[in-house]
Amino acid sequence: MRKVGFVDDESINYADYAKRLKRRDVSLLFYDGDNTAASIVDWIIREELLCVLIDFDLRKKFARNGTDLIFEINQALPDFPCIILTNYPEDSKGEHLVPQRLIWDRAMMNAPDLSKVVSAIEDEIVVYLKRKDVLYLQYSELVDKRTNATLSANEEERFLRLHSLFSKYGETDDVPVQLLSSDTNKKLDSLIEHLSQLLDKKD
């Protein structure tokens, strides 16, 4: 069963959505934490969610719109599928913070048959998981190059970025801590140590 999150500043629609989606093999989880994007990201990872439905108007609890929240989530989790639900789709589209395909008229959730909704969610999940797999393969290759000290400066920057991403998912346990130190830092450490030794000799 696919696990999907639901973020709204009220739970009035949640029970109905959850009941109807469950018939389509989708488990809908309601977010009931604080209003920070960091907490929502932690929740996404902890619950192993594959997609999140987010209401557009979140000002009552979150002090911002859903599109702003999605922007914050995707800064931490690039490509993670977040779908806006709104009664006024054009308002969200005008902000240009979320792709139009991910801005849904809330009326879609009230349709007698949710097969199209579930199919669209599944499409987003498939793309997300595929992209994540590709990124992890790139990350693994960079880990090997870092181990062999053959990374270029650009590759090293990408390695650290991907390490930060996959550490959020708990998928970097096999990476030695020393690999996270750049050659520049190592050289600086060595220089500082050498200077310290010279100063000690003068004393």
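Just so it is clear, the structure is predicted and the values come from calculations on it, not from any experiment.

Draft legend 1. Quick look at the nonpolar core. Core analysis: the biggest nonpolar cluster contains 56 residues, and V7, I40, I44, L53, I54, L77 and I121 have the highest contact counts within it. Looking at this core element by element, the count peaks at nine residues for helix α6 (residues 115-147). For L53, the residues in contact, after removing those within four places along its chain, are V4, G5, F6, V7, L28, I83, L85, M109 and I121.

Draft legend 2. Unusual backbone geometry, seen in detail. Backbone geometry at D25 places phi at a positive 65 degrees, although glycine is not the residue there. As for its placement among the helices and strands, D25 is situated in the loop between α1 (14-22) and β2 (26-30). The backbone of A63 sits at a positive phi, close to 60 degrees, despite the residue not being glycine. As for its position among the elements, A63 is in the loop between α3 (59-62) and α4 (66-76). According to the relative accessible area criterion, A63 is exposed, its value standing at 62%.

Draft legend 3. View of the sheet that holds strand β5 (residues 103-105). Overall, parallel pairing links the five strands, which are arranged β2-β1-β3-β4-β5 in an open sheet. The sheet is open, and its two edges are formed by β2 and β5, each paired on a single side. Averaged over all adjacent pairs, the angle separating strand axes in this sheet is 30 degrees, with direction ignored. Alignment of strand β1 (residues 2-7) against β2, held across five bridges, turns out to be parallel. Bridge pairing in β2 links V4 to L28. Against the sheet, α4 engages β1, β3 (51-55) and β4 (82-86), with an angle of about 175 degrees to β4.

Conventions used here
Residues numbered from 1 in each chain as written. Predicted model: local features only at pLDDT ≥ 70, side-chain atom pairs only at ≥ 80, totals over all residues. Heavy atoms only, no water. Core = buried A, V, L, I, M, F, W, Y, C linked by side-chain atoms within 4.5 Å. Buried < 20%, exposed > 50% of the residue type's maximum accessible area, 1.4 Å probe, protein only. Helix = DSSP H or I, 4+ residues; strand = E, 2+ residues; numbered from the N terminus. Contact = heavy atoms within 4.5 Å. Pairing = 2+ DSSP bridges. Axes fitted to C-alpha atoms, helices over the stretch in contact; angles between N-to-C directions.

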